[in-house]
Amino acid sequence: MIRAAAQVTAERYAQIMLLGRTKLIRAAADRAGLKLDGIEILDPLSSSRLNSYAEIYFHFRQARGVTHEEAQEFARKPLYFAALSVAAGDADATVGGAANSTADTVRAALHSIGLSPDARLVSSFFLMVAPERNRRAFGERGALLFADCAVVPDPSAQELAEIALATAENARAFLETEPRVALLSFSTKGSAAHARVEKVREALHIARARQPELAIDGELQADAAIVDAIGASKAPGSPVAGRANVLIFPDLDSGNIAYKLVERLAGAEALGPILQGLALPANDLSRGCSTDDIAKIVAITAVQAIARKEIASVSGD
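Okay, so let's go over this structure. Not measured: the values here are computed from a predicted model. (Residues numbered from 1 in each chain as written. Predicted model: local features only at pLDDT ≥ 70, side-chain atom pairs only at ≥ 80, totals over all residues. Heavy atoms only, no water.)

### Looking at the overall build of the protein
In step 1: The helix and strand inventory of the protein stands at twelve helices and ten strands.
In step 2: A globule of 317 residues ought to have a C-alpha radius of gyration of about 20 Å, and the protein, at 21 Å, matches this closely.
In step 3: Referenced to the eigenvectors of the C-alpha coordinate spread, the extents of the protein come out at roughly 65 × 45 × 35 Å.
In step 4: A sequence separation of at least 24 residues applies to 68% of the contacts in the protein between residues at least 6 apart. (Helix = DSSP H or I, 4+ residues; strand = E, 2+ residues; numbered from the N terminus. Rg over C-alpha atoms; globule rule 2.2 N^0.38 Å. Contact = heavy atoms within 4.5 Å.)

### Quick word on the environment of histidine 205
In step 1: Within the fold, histidine 205 resides in helix H8 (residues 195-210).
In step 2: You can call histidine 205 exposed: its relative accessible area is 55%.
In step 3: Through-space distance from the C-alpha of histidine 205 to that of serine 185 is 15 Å; in sequence the pair is 20 residues apart. (Buried < 20%, exposed > 50% of the residue type's maximum accessible area, 1.4 Å probe, protein only.)

### Regarding the packing of helix H3 (residues 50-61) against helix H4 (residues 68-76)
In step 1: Where H3 meets H4, the axes come as close as 8 Å, and the angle between the chain directions of the two elements is 120°. You can see that H3 and H4 cross each other, and the crossing is right-handed. Contacts between H3 and H4 involve Leu50, Asn51, Tyr53, Ala54, Glu55, Tyr57 and Phe58 on the former and, on the latter, His68, Ala71, Gln72, Phe74, Ala75 and Arg76.
In step 2: Looking at the contact of H3 with H4 residue by residue, the class counts come to eight nonpolar, three polar and two charged. (Axes fitted to C-alpha atoms, helices over the stretch in contact; angles between N-to-C directions. Left-handed = near helix turned anticlockwise from the far one by under 90°. Nonpolar A, V, L, I, M, F, W, Y, C, P; charged D, E, K, R; others polar.)

### Quick word on the pattern of salt bridges
Any two side chains of opposite charge can pair, so long as their charged atoms come close to each other.
In step 1: Evaluated as defined, the whole model comprises 15 salt bridges.
In step 2: Glutamate 40 is the salt-bridge partner of arginine 49, the closest N and O atoms lying 3.7 Å from each other.
In step 3: Accessibility expressed as a relative area gives 22% for arginine 49, which makes it partly exposed.
In step 4: Ionic pairing is found between glutamate 269 and lysine 296, a salt bridge with its closest N-O pair at 2.1 Å. Taken together, the residues glutamate 269 in strand S9 (residues 269-276) and lysine 296 in helix H12 (residues 291-315) connect sequence positions 27 residues apart.
In step 5: On the accessibility criterion, glutamate 269 (29% relative accessible area) is partly exposed.
In step 6: The class of lysine 296 is partly exposed, set by a relative accessible area of 33%.
In step 7: A single network of salt bridges, built from pairs that share partners, joins Glu140, Arg141 and Arg180. (Salt bridge = Lys/Arg side-chain N within 4 Å of Asp/Glu carboxyl O.)

### Quick notes on the sheet that holds strand S6 (residues 180-184)
In step 1: The sheet built from six strands is open, its strands ordered S7-S6-S8-S5-S4-S9 with mixed pairing. Two strands in the sheet have a free side with no partner beyond their single neighbour: strand S7 (215-220) and S9. Averaged over all neighbouring strand pairs, the angle between strand axes comes to 20°, with direction disregarded.
In step 2: Bridge analysis of strand S4 (residues 123-129) against S9 gives six bridges, and the strand direction is antiparallel. Its bridge partner lying in S9, methionine 128 is registered against alanine 270.
In step 3: With respect to the sheet, H8 is in contact with S6 and S7, its orientation differing from that of S7 by roughly 170°. (Pairing = 2+ DSSP bridges.)

Written out as structure tokens, the structure reads:
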């Protein structure tokens, strides 16, 4: 984390605040030969912001029975302090989780920042950048969004549609093109009958009803979604088959397994998980992340924060 903070600061694409024990952070930086010039270091336990952040948390959670004393305890925890700093407007976004589970990181963000007004749940996506094969790039110049690979274990049809629409919107920002969304299954256009297939079909109907203009299709097998010839054979006339740049998995098992296999076997770069559905940007890190992984997630989070500010300026919020 400290190396990544120094790298991001040197490359000047975000202003970094490190949370933790100041002496320990500086000692670790000294041992690594790193300069922390331009980086704010803040210890939640001694911060003058602690009481005001505890009040914000209490406001969010009092209906769930949280007391003032409990709010104070939560605000002292780095994950919660970070998320509350975003809620308070003292930071634009937060990145954490290198030493915490995804569940803990998401819970801190959800309880401290809350859902976006137009969102019904928090989910996630990975930005996958795959190398060319036989001079062919999948997705958008080799880049695709995979969702959900980290947060929602067994989404309902309604939740699957929500994940698809949220990921499509992020595809516009990160791929800089119109999304082509494939709802994945072990069936393509009725090739198999099962309740799990029906869930994907229902999700497609919900998503199309909410955004008729969106290029989205399902149910599609993975090869039909990304390989032109197979898509034309299995799903002729589909606006997505063979050209998908957003892959929506039917559950967390398939999504999590798929991104790890593509990363390890195909040599793809997996950036994420990137959270979506929150009122303000907050992102999770894998506990196996490297310095470069962290720096790249910071860059993605900065893009989210800039986009959020641009939307707010247009809407007047």
